[in-house]
Amino acid sequence: MKTIVIKFGGSLTKNKDAQKKFLKDLSQISKKQNIILIHGGGPEINNLLGRLNIESKFVNGLRYTDEQTLEAVEMALSGKVNKMLTAELIKNKVKAVGISARDGAIAVCKVKKELGFVGEPVKINISLIKSLIKEGFFPVISSVGMDKTAHAVNVNADTLATNIAIAFKADKLIFLTDVAGVLDENKKTIKEIKINSADNLIKTGVITGGMIPKIKSCKQAVEKGVKEVLIIDGAKGIKKLTGTAIKK
């Protein structure tokens, strides 16, 4: 069976209709392919921080995660978003299991001290995920990893999905976004990007903002053995895969 790694998160966690459609489609696809679902949930983190009166701090546009913020991140991602996605898949007759990237030491990270408890994966252990898949379970993984002392760290969900896809040499890595893939200067979707032209698209300003780290992750995944990476509009579901393909 093919292995597909899918990253879900961002503003899609707020769009309940898109979320339900996506999870329903996913439950059908999972009967024919092994799927690993990785998720973040920025809006849920912001919501919880607001309710707890914890002020968000940013360093060069990136969230600083102190001990208090980390607690809220883990509550929002592993406690709320993870269990909500898992329950919805179970409703759709899927044997879903919700875990975090701390479980089974899936993502052991080096800490980016300038950002507090934020981690960059240096080691991915896939034995737990493999065991779950072998037993017919569907892993749903929140983007909370651990450092070498087993302390929780906040991990960028795109980075986590990329690293897990590379570790599995996945057939596909799919990033669900709220736009129709990578757009050109006329706001039209670029159907396919070869990895050797990706840097030039960044340099010439075709790819900007939050899409830059995503494209860099895509490029890294393809270079390290993932057969195809897709950036698609999650609101349109996952059956048609309308968006941008990144290939060798």
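Here is a short report on the structure shown in this document. (Residues numbered from 1 in each chain as written. Predicted model: local features only at pLDDT ≥ 70, side-chain atom pairs only at ≥ 80, totals over all residues. Heavy atoms only, no water.)

**Regarding the packing of aromatic side chains**
Now for step 1: According to the stated counting rule, one finds 1 aromatic pair in the structure shown.
Now for step 2: Between the aromatic rings of Phe 8 and Phe 22, the centroid separation amounts to 5.0 Å while the plane-to-plane angle is 5°, which identifies the pairing as stacked. Here Phe 22 lies in helix 1 (residues 16–29) and Phe 8 lies in strand 1 (residues 3–8), a separation of 14 residues in the sequence. One exposure class covers both Phe 8 and Phe 22, and it is buried.
Now for step 3: Here the guanidinium or amino end of Lys 95 rests over the ring plane of Phe 137, the centre of that ring lying 4.5 Å away. (Phe/Tyr/Trp six-rings, centres within 6.5 Å; stacked < 30°, edge-to-face > 60°. Helix = DSSP H or I, 4+ residues; strand = E, 2+ residues; numbered from the N terminus. Buried < 20%, exposed > 50% of the residue type's maximum accessible area, 1.4 Å probe, protein only. Lys NZ or Arg CZ within 6 Å of the ring centre and 35° of its normal.)

**A look at the side chain of Asp 147**
Now for step 1: Mapped onto the elements of the fold, Asp 147 is located in the loop between strand 9 (144–146) and strand 10 (152–155).
Now for step 2: Although Asp 147 lies buried, it forms no salt bridge, and the closest oppositely charged side chain, Arg 102, sits 7.7 Å away as judged by the N-O distance.
Now for step 3: The contact partners of Asp 147, leaving out residues within four places of it in the chain, are Val 108, Cys 109, Val 111 and Val 153. (Lys, Arg positive; Asp, Glu negative; His and termini not counted. Salt bridge = Lys/Arg side-chain N within 4 Å of Asp/Glu carboxyl O. Contact = heavy atoms within 4.5 Å.)

**Topic: the pattern of salt bridges**
Now for step 1: Tallying each qualifying case throughout the model produces 14 salt bridges.
Now for step 2: Residue Lys 7 is joined to Asp 158 by a salt bridge in which the shortest nitrogen-to-oxygen separation is 3.1 Å. On the criterion of sequence distance, the pair formed by Lys 7 in strand 1 and Asp 158 in helix 5 (residues 157–168) is long-range, its members being 151 residues apart. Residue Lys 7 shares its accessibility class with Asp 158, and that shared class is buried.
Now for step 3: Here Asp 158 ties to Lys 214 by a salt bridge, and the two come within 2.9 Å at their closest N and O atoms. Taken as a pair, Asp 158 in helix 5 and Lys 214 in helix 7 (residues 211–223) lie far apart in primary sequence, 56 residues in all.

**Looking at the side chain of His 39**
Now for step 1: In this fold, His 39 is placed in strand 2 (residues 34–39).
Now for step 2: Residue His 39 is classed as buried on the basis of its relative accessible area, which comes to 0%.
Now for step 3: In terms of polar contacts, His 39 uses its side chain to reach the side chain of Asn 82, at 3.1 Å.
Now for step 4: Apart from residues lying up to four places away in sequence, His 39 is in contact with Phe 8, Leu 77, Val 81, Asn 82, Leu 85, Val 140, Ile 141, Ser 142, Ser 143 and Ala 157. (Polar contact = N/O pair within 3.5 Å; in protein donor to acceptor, adjacent residues only side chain to side chain.)

**Looking at the nonpolar core**
Now for step 1: Within the largest apolar cluster, 41 residues are counted, with the highest numbers of intra-cluster contacts made by Ile 141, Ile 164 and Ile 215.
Now for step 2: When residues in this core are grouped by element, the largest group, 6 residues, is from helix 5.
Now for step 3: Not counting the four nearest positions on each side in its chain, Ile 215 is found in contact with Val 182, Ile 193, Ala 198, Ile 202, Ile 207, Ile 231 and Ile 246.
Now for step 4: Membership of the second largest hydrophobic core comes to 23 residues, among which are Ile 6, Phe 8, Ile 35 and Val 140. (Core = buried A, V, L, I, M, F, W, Y, C linked by side-chain atoms within 4.5 Å.)

**Focus: the packing of helix 2 (residues 42–51) against helix 3 (residues 67–91)**
Now for step 1: Contact geometry for helix 2 and helix 3: axes closest at 9 Å, N-to-C directions at 125°. Taken together, the axis directions place helix 2 and helix 3 in an arrangement best described as oblique. The handedness of the crossing between helix 2 and helix 3 comes out as right-handed. Facing helix 2, whose interface residues are Glu 44, Ile 45, Leu 48 and Leu 49, helix 3 presents Thr 69, Ala 72, Val 73, Met 75, Ala 76, Leu 77, Lys 80 and Val 81.
Now for step 2: Of the residues contributing to the contact of helix 2 with helix 3, the split by class is 9 nonpolar, 1 polar and 2 charged. (Axes fitted to C-alpha atoms, helices over the stretch in contact; angles between N-to-C directions. Parallel < 35°, antiparallel > 145°, perpendicular 65-115°, else oblique. Left-handed = near helix turned anticlockwise from the far one by under 90°. Nonpolar A, V, L, I, M, F, W, Y, C, P; charged D, E, K, R; others polar.)

**A closer look at the packing of helix 6 (residues 195–203) against helix 7**
Now for step 1: With their axes 10 Å apart at the nearest point, helix 6 and helix 7 run at an angle of 165° to one another. Classed by the angle they form, the pair helix 6 and helix 7 counts as roughly antiparallel. Here helix 6 and helix 7 pass one another in a crossing that is left-handed. Counted together, Ile 195, Ala 198, Asp 199 and Ile 202 of helix 6 and Ile 212, Ile 215, Lys 216, Lys 219, Val 222 and Glu 223 of helix 7 form the full contact between these two elements.
Now for step 2: Across the contact of helix 6 with helix 7, the residue classes break down as 6 nonpolar, no polar and 4 charged.

**With respect to helix 1**
Now for step 1: Here helix 1 is 14 residues long and its end C-alpha atoms lie 20 Å apart, about the 20 Å a rise of 1.5 Å per residue gives.
Now for step 2: Buried-residue contacts for helix 1 involve strand 1, strand 2, helix 3, strand 8 (138–142) and strand 11 (172–177). (Expected span 1.5 Å × (residues − 1).)

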